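Listed below are the residues making up each chain.
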Amino acid sequence: GAGVSQSPRYKVAKRGQDVALRCDPISGHVSLFWYQQALGQGPEFLTYFQNEAQLDKSGLPSDRFFAERPEGSVSTLKIQRTQQEDSAVYLCASSLRRRQLASQETQYFGPGTRLLVL
Amino acid sequence: GENVEQHPSTLSVQEGDSAVIKCTYSDSASNYFPWYKQELGKGPQLIIDIRSNVGEKKDQRIAVTLNKTAKHFSLHITETQPEDSAVYFCAARSGYALNFGKGTSLLVTP
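Thresholds, definitions, all that
Residues numbered from 1 in each chain as written. Chains lettered and ligands numbered in written order. Predicted model: local features only at pLDDT ≥ 70, side-chain atom pairs only at ≥ 80, totals over all residues. Heavy atoms only, no water. Core = buried A, V, L, I, M, F, W, Y, C linked by side-chain atoms within 4.5 Å. Buried < 20%, exposed > 50% of the residue type's maximum accessible area, 1.4 Å probe, protein only. Helix = DSSP H or I, 4+ residues; strand = E, 2+ residues; numbered from the N terminus. Contact = heavy atoms within 4.5 Å. Salt bridge = Lys/Arg side-chain N within 4 Å of Asp/Glu carboxyl O. Polar contact = N/O pair within 3.5 Å; in protein donor to acceptor, adjacent residues only side chain to side chain. Nonpolar A, V, L, I, M, F, W, Y, C, P; charged D, E, K, R; others polar. Pairing = 2+ DSSP bridges. Axes fitted to C-alpha atoms, helices over the stretch in contact; angles between N-to-C directions.

**Things to note about the nonpolar core**
Right, on to step 1. Ranked by size, the top nonpolar core spans 24 residues in total, and within it B:Trp35, B:Phe73, B:Leu75, B:Tyr88 and B:Leu106 carry the most contacts.
Right, on to step 2. For this core, the secondary structure elements donating two or more residues are strand 2 (10-14), strand 3 (19-25), strand 4 (32-38), strand 5 (45-51), strand 7 (62-67), strand 8 (72-77), strand 9 (86-93) and strand 11 (104-109) of chain B.
Right, on to step 3. Formed by 20 residues, the second largest nonpolar core is a distinct cluster that contains A:Ala13, A:Leu21, A:Cys23 and A:Leu46.

So, in structure tokens, the structure goes:
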């Protein structure tokens, strides 16, 4: 079946521009995560949604970062007034959370959006 | 918060040899430990995972061991093949998020 998809795959922005990154999770997956991966590093958690509710945004680096998932499926990560240090790969992951299971579900990752801020 | 350390950062083996990657974690509440393989330009792909109530798990050439007392877990790849060349990440989960190590770049030479 279809996996997690992300668009665009590549984005070049001038410093100060706003960008919007889209994530389409696997159909039926309740949980959605955003991670930031700097070059040569492991992914770092940004934020977590369960359906449309944003339950954890502790990893967002500044108030320039905003994420939403208004209908509980597609999610958008928005970065306002981009800066060079925002250059990274932004990964989206989704998981199928069933109420009767503990929070040990597998996260499936998309291919990522590579953002370059000039 | 959780801190995951991963070693080595690079590993080069000959085809057919075994490869071992080790990780330690700090949060005793972590209860889920996946391993991901990431190829250039792609997202991480789960290759194996282990829950905290299990000490070892094997899937064909890949095995993972977990020592909860010592807070460390390891990935073992046997009979390595050139297509195993990639960056491997360990992760530990406490709460919602996965906390990743910095990755191991594995090179398998023919």
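Still to come is the rest of the account.
**Thoughts on the interface of chain B and chain A**
Right, on to step 1. Taken together, the contacts link 21 residues of chain B with 22 residues of chain A.
Right, on to step 2. Connecting chain B to chain A are zero salt bridges.
Right, on to step 3. Inspection of the chain B/chain A interface yields four residue pairs in polar contact (both at pLDDT 80 or more).
Right, on to step 4. Listing elements by their share of the side of chain B that touches chain A, those giving two or more residues are strand 4, strand 5, strand 9 and strand 10 (98-100) of chain B.
Right, on to step 5. Its residues placed into classes, the side of chain B that touches chain A shows nine nonpolar, seven polar and five charged.

**A word on the sheet that holds strand 1 (residues 5-7) of chain A**
All names here are of chain A.
Right, on to step 1. Pairing within the open sheet is antiparallel, and its four strands lie in the order 1-3-8-7. Single-partner strands in this sheet number two, and they are strand 1 and strand 7 (65-68). The sheet shows a mean angle of 15° between the axes of neighbouring strands, taken without regard to direction.
Right, on to step 2. The pairing of strand 7 with strand 8 (residues 75-79) spans four bridges and is antiparallel. Looking at strand 8, one finds that Phe66 is bridged to Lys78.

These figures capture arrangement, not role.
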